[in-house]
Amino acid sequence: LSDNAAISHVTNYSAGRRVLKVAGSEDFARQLRRLKDDGVRVRQLLIDAHGSPASTQIMDGDTLKGFSGLEDLFAPGAEILFSSCNTGKGEEGVQFMRQVGKTFLSRGGGRVTAAVDYVRFLPAHLRPLAGPAALAQGDVSLKGYLQLRVDAGGASRLRPVVGR
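Now for a description of the structure that goes with this document.

Another aspect to go through is the pairing of strand E5 (residues 74-82). Strand direction decides the pairing type here: strand E1 (residues 42-47) and E5, joined by 5 bridges, are parallel. What sits directly across from glutamine 44, in E5, is glutamate 79. In the sheet, E5 pairs with strand E6 (residues 110-115) via 5 bridges, with the strands oriented parallel. Across the sheet, residue phenylalanine 82 finds its bridge partner in E6, namely alanine 114. One crossover worth recording links E5 to the parallel E6 by way of helix H3 (residues 90-105), and it is right-handed.

This paragraph deals with the side chain of serine 25. Topologically, serine 25 is positioned in helix H2 (residues 25-37). Serine 25 has contacts with Ile58, Thr63 and Phe67, leaving out every residue within four places of it along the chain.

This brings us to the pairing of E6. Counting buried positions along E6 yields 5 of 6 residues, so the element is predominantly enclosed. The sheet contact formed by E6 and strand E7 (residues 145-150) spans 6 bridges and is antiparallel. Within the sheet, the bridge partner assigned to arginine 111 lies in E7 and is arginine 149.

If you walk through the whole model with that rule in mind, you get 4 aromatic pairs. Here phenylalanine 82 and phenylalanine 96 contribute two aromatic rings whose centre-to-centre distance is 5.5 Å and whose plane-to-plane angle is 55°, an arrangement assigned as tilted. Taken as a pair, phenylalanine 82 in strand E5 and phenylalanine 96 in helix H3 lie far apart in primary sequence, 14 residues in all. Residue phenylalanine 82 shares its accessibility class with phenylalanine 96, and that shared class is buried. Counting every residue linked through ring pairs, the aromatic cluster contains Phe28, Phe67, Phe74 and Phe104.

To continue, consider H3. Its 16 residues give H3 an end-to-end C-alpha distance of 22 Å, which sits within 8% of 22 Å, the value for a rise of 1.5 Å per residue. Within H3, the full set of buried residues consists of Gly93, Val94, Phe96, Met97, Val100, Gly101, Thr103, Phe104 and Leu105.

Time to look at the sheet that holds strand E4 (residues 59-60). By definition, the strands of a sheet pair up through backbone hydrogen bonds, in either a parallel or an antiparallel sense. With antiparallel pairing, 3 strands are arranged side by side in an open sheet as E2-E3-E4. Each of the sheet's edge strands pairs with one partner strand only, and the pair in question is strand E2 (51-52) and E4. Here E2 pairs with strand E3 (residues 55-56) via 2 bridges, running antiparallel. Counted as the bridge partner of glycine 51 is threonine 56 from E3.

Criteria and thresholds
- Residues numbered from 1 in each chain as written.
- Predicted model: local features only at pLDDT ≥ 70, side-chain atom pairs only at ≥ 80, totals over all residues.
- Heavy atoms only, no water.
- Pairing = 2+ DSSP bridges.
- Helix = DSSP H or I, 4+ residues; strand = E, 2+ residues; numbered from the N terminus.
- Right-handed = clockwise from strand over helix to strand, strands pointing away.
- Contact = heavy atoms within 4.5 Å.
- Buried < 20%, exposed > 50% of the residue type's maximum accessible area, 1.4 Å probe, protein only.
- Phe/Tyr/Trp six-rings, centres within 6.5 Å; stacked < 30°, edge-to-face > 60°.
- Expected span 1.5 Å × (residues − 1).

On their own, these measurements won't tell you what the molecule is for.
So this is what it looks like as structure tokens:
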């Protein structure tokens, strides 16, 4: 998922990946419901949008209510990665990550990862070399991110990510 068409066109996405262009949270929820109705099982959701603590352009704590009922869309152990500046920053960012985990991953568990700082982007000519999604064209490391491990049922535990 990307709000940046230029990034989408140069990223080396692997087979089976889809790029969704969305116009806000209602459109995003509608497109995810369509995927669920088509029998798709999401293993990784990469949200590439501008962000701030506890929010992105297309999702925040208030709009998450509109995504209820989508737990079955996500495969057990699925990953959700927010490549958006500061989304996981502070207590409000952590609470948002917990809400995301309960909303999307409570059926089969998985991970929610979010930046706690500004996301640094690779220059366009280097993006194709970084591989599939390459952490949304960020610095190709998980340094500066937090990761929430979500168990089936929605319980979660937080851990800092120091690199990959």
